[in-house]
Amino acid sequence: MKKNIIIFLTLVLFTGLLTGQNIPDLKGYVNDYAGVLSSSEEKQISQMLASLEKNTSAQVALLTINDLQGYNLETFSLKTVEQWGLGQKDRDNGLLLLLAMDEK
């Protein structure tokens, strides 16, 4: 019985570590969770990315965050792109511009 509880807790902890990333919600083309952009900058970048998608079909989103929550850049980026569904399935044309302000 004790062994089963230990195995169960280990699985719960391990699963929590794999899915523990708090990927921010997609709000639009610009997702400034670090608060580094002014409203006019955010609007200008958003208009530019909307125009880019209209003209090329490429879906580009900007995400600013404070840190990567202990994860590496590649893992955090891929999880974000997957969760947000950037790009079209048949074209693989999604791009995430990720700025983690407190990272080296």
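Because the structure is a prediction, the values reported are computed rather than measured. Each residue is numbered by its place in its chain's sequence as written, counting from 1. pLDDT decides what is reported in this predicted model: residues at 70 or higher carry local features, side-chain atom pairs at 80 or more are listed and counted, and totals for whole chains, interfaces and linings draw on all residues regardless. With hydrogens and water stripped out, all remaining heavy atoms of the structure feed into the side-chain values.

Draft legend 1. Highlighting helix α3 (residues 73-84). Numbering goes from the N terminus for both helices and strands, where a helix is a DSSP run of H or I of at least four residues and a strand is a run of E of at least two. Any helix carries an expected span of 1.5 Å times its number of residues minus one. For α3, built from 12 residues, the straight-helix expectation of 16 Å at 1.5 Å per residue is met to within 8% by its first-to-last C-alpha distance of 16 Å. Throughout this description, buried means an accessible area under 20% of the type-specific maximum (1.4 Å probe, protein chains only), exposed means over 50%, and partly exposed covers the range between. Within the span of α3, buried status applies to F76, S77, T80 and W84. For α3, the buried positions fall inside an angular range of 100° around the axis, keeping them on one side. Opposite its buried face, α3 presents the exposed residues E74, L78 and E82, each directed more than 90 degrees away. Those residues of α3 hidden inside the fold are in contact with β1 (30-32), β2 (59-65) and β3 (94-100). A 3.5 Å cut-off defines polar contacts: any pair of N or O atoms within that distance qualifies, except that in protein one atom must be a possible hydrogen donor and the other a possible acceptor, and neighbouring residues in sequence count only when both atoms are side-chain atoms. Its side-chain oxygen 3.2 Å from the backbone nitrogen of E74, N72 forms the N-cap of α3. Within this analysis, the arc is defined by the directions that extend from the helix axis to the C-beta atoms. The contact definition used throughout considers only heavy atoms, calling two residues in contact when any of these lie within 4.5 Å.

Draft legend 2. Layout of the nonpolar core. In this structure, I23, A61, L63, I65, L68, F76, W84, L86, L96, L98 and A100 together form the largest nonpolar core, which totals 11 residues. Among the elements of the structure, β2, α3 and β3 are those that each provide at least two residues to this core. In these notes, a set of buried Ala, Val, Leu, Ile, Met, Phe, Trp, Tyr and Cys residues joined through side-chain atoms within 4.5 Å is what counts as a nonpolar core.

Draft legend 3. Layout of the pairing of β3. A pair of strands counts as paired when DSSP detects no fewer than two bridges linking them. Alignment of β2 against β3, held across seven bridges, turns out to be parallel. Its bridge partner lying in β3, L62 is registered against L97. On the question of chirality, the crossover connecting β2 to the parallel β3 by way of α3 is right-handed. By convention a crossover is right-handed if, when the strands point away from the viewer, the path from the first strand over the helix to the second runs clockwise.

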